[in-house]
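If you want the building blocks of each chain, they are given just below.
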Amino acid sequence: MDFGQRLKNLRLERGYTQQDLSSAVGVSTVAVRSWEHNTKKPNMDALIALGRFLNTSIDTLLDIQPKGSEQNYTFILSPAEKRFLQDYRGLDSHGKKIVNTVCSLEKERIDLAAKPKNRSKVIQLASTERERYIPRYTTPSAAGTSVPLDGADFEMILVDNSVPDEADYAVNIQGNSMFPYIHDGDMVYVKKDAEMAIGDVGIFCVDGAMYCKQYYVDENGNLELVSANPELRNTNVFVSSDSGSSVKCYGKVLMGFKLELPDYLFEE
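No experiment lies behind these values; they were computed from the predicted model shown.

Cut-offs and rules
- Residues numbered from 1 in each chain as written.
- Predicted model: local features only at pLDDT ≥ 70, side-chain atom pairs only at ≥ 80, totals over all residues.
- Heavy atoms only, no water.
- Helix = DSSP H or I, 4+ residues; strand = E, 2+ residues; numbered from the N terminus.
- Buried < 20%, exposed > 50% of the residue type's maximum accessible area, 1.4 Å probe, protein only.
- Contact = heavy atoms within 4.5 Å.
- Core = buried A, V, L, I, M, F, W, Y, C linked by side-chain atoms within 4.5 Å.
- Salt bridge = Lys/Arg side-chain N within 4 Å of Asp/Glu carboxyl O.
- Axes fitted to C-alpha atoms, helices over the stretch in contact; angles between N-to-C directions.
- Parallel < 35°, antiparallel > 145°, perpendicular 65-115°, else oblique.
- Left-handed = near helix turned anticlockwise from the far one by under 90°.
- Nonpolar A, V, L, I, M, F, W, Y, C, P; charged D, E, K, R; others polar.
- pLDDT = per-residue confidence, 0-100.
- Arc of directions from axis to C-beta.

So, the overall build of the chain
- Summing up its helical and strand segments, the chain has eight helices and nine strands in all.
- The 268 residues of the chain split such that 38% are buried.
- A fraction of 57% describes how many contacts in the chain between residues 6 or more apart in sequence connect residues 24 or more apart.

Below, the structure is given as structure tokens:
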């Protein structure tokens, strides 16, 4: 941030007009305007008067940070930066990680652009920015056993055009209860807040335990989370309509095809 912008931000932050500043320092408003537009610079006497009136140090005005000391130095934020900081502080950990990832990518692009020898890398990075990043949860959701997903760590991964546009996040599946459609260790893509139909595969939380299962509701309104693998039918999760259990769907697994319920579910 240049001197003129720092001066303007400090003036606006304290609620002063250019006329207020000119009167306090003893110069014309034209001079103040020229300072804020960086066409002219104030002399030392004017700097001292500015510091006193704005209640800040000359180091701060000139953006001089003494090495090893921040006693008299204050970061000056523009109104837009302050709004951004306030919005950032209101985000949850998920949102902050996404913002941090984007900032890191942009900082890398700017740093590379400043070095001519890295021009080819800048072009490659710019191409990468056209791709999508989505979160991948590093704690697997379970297809056969229960593993918590809420609050789990995640990383942002770059996905290509083969990943469905509606995918909101990715998660690795643990277990073989969805075999042969999903194997132990497979990564699946999930659409949040999707409407679930009978037979759809979803990520579910039942009383704090996470499952990757097929969705089924019987004629009595009872929920059953179904294993596609008949050998693991004992891992099905049955939730009666009057059980009082806490059930939440974290999204629909994007299979790319309609999956029928297994035959064993309807055997007498």
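Further notes follow.
Describing the nonpolar core
- Formed by 20 residues in total, the largest nonpolar core has its most connected members in Val171, Ile182, Val201, Ile203, Cys212 and Val253.
- For this core, the elements supplying multiple residues, two or more each, are β2 (154-159), β3 (169-174), β4 (187-191), β5 (201-206), β6 (209-217) and β9 (247-253).
- Counting residues in each nonpolar core, the second largest holds twelve residues, with Val25, Val32, Trp35 and Leu50 among its members.

Focus on the pattern of salt bridges
- Counted by the stated rule, this structure contains five salt bridges.
- With a shortest N-O distance of 2.6 Å, Arg11 and Glu36 are connected by a salt bridge. Of this pair, Arg11 sits in helix α1 (residues 3-13) while Glu36 is found in helix α3 (residues 29-36), placing the two residues 25 residues apart along the sequence.
- For Arg11, a relative accessible area of 7% translates into the label buried.
- Of the charged contacts in the structure, one is a salt bridge between Asp200 and Lys258, with a shortest N-O distance of 3.5 Å. One end of the pair, Asp200, is in the loop between β4 and β5; the other, Lys258, is in the segment after β9, and 58 residues separate them in sequence.
- Here Lys258 falls in the partly exposed class, since its relative accessible area comes to 48%.
- What you see here is one network of salt bridges that share partners, running through Asp200, Lys252 and Lys258.

Section: the packing of helix α2 (residues 18-25) against α3
- The interhelical angle for the contact between α2 and α3, taken along N-to-C directions, is 110 degrees, at an axis separation of 8 Å. As judged from the angle between their axes, α2 and α3 are roughly perpendicular. For α2 against α3, the interelement crossing comes out right-handed. Residues Gln18, Gln19, Leu21, Ser22 and Val25 of α2 form the contact with α3, whose participating residues are Thr29, Val32, Arg33, Trp35 and Glu36.
- Classifying every residue of the contact of α2 with α3 by side-chain character gives four nonpolar, four polar and two charged.

Re the environment of Gly185
- Relative to the assigned elements, Gly185 resides in the loop between β3 and β4.
- Note: C-alpha distance between Gly185 and Ile173 (twelve residues apart in sequence) is 5.2 Å.
- The contacts of Gly185, once residues within four sequence positions are left out, are Asn172 and Ile173.

With respect to the confidence of the model for the chain
- The predicted model of the chain has a mean per-residue pLDDT of 81, with 81% of residues at 70 or higher.
- Contacts of residues 142-148 to residues separated by more than four positions or lying in other chains number 29 contacts, the stretch itself having pLDDT below 50.

What to know about unusual backbone geometry
- Note the cis peptide between Phe179 and Pro180, where omega equals 10 degrees.
- Inspection of the secondary structure assignment puts Pro180 in the loop between β3 and β4.
- Notably, Asn55 is not glycine yet its phi reads approximately 55 degrees, a positive angle.
- Look at Asn55 and you get exposed, because its relative accessible area is 67%.

Examining α2
- What α2 keeps buried is the set Gln18, Leu21, Ser22 and Val25. Seen from one end, α2 has its buried residues packed into an arc of 95 degrees, which puts them on one side.
- Buried residues along α2 sit against α1, α3 and α4 (44-54).
- Count one or two residues on from α2 and you reach Gly26, which has phi positive near 85 degrees.

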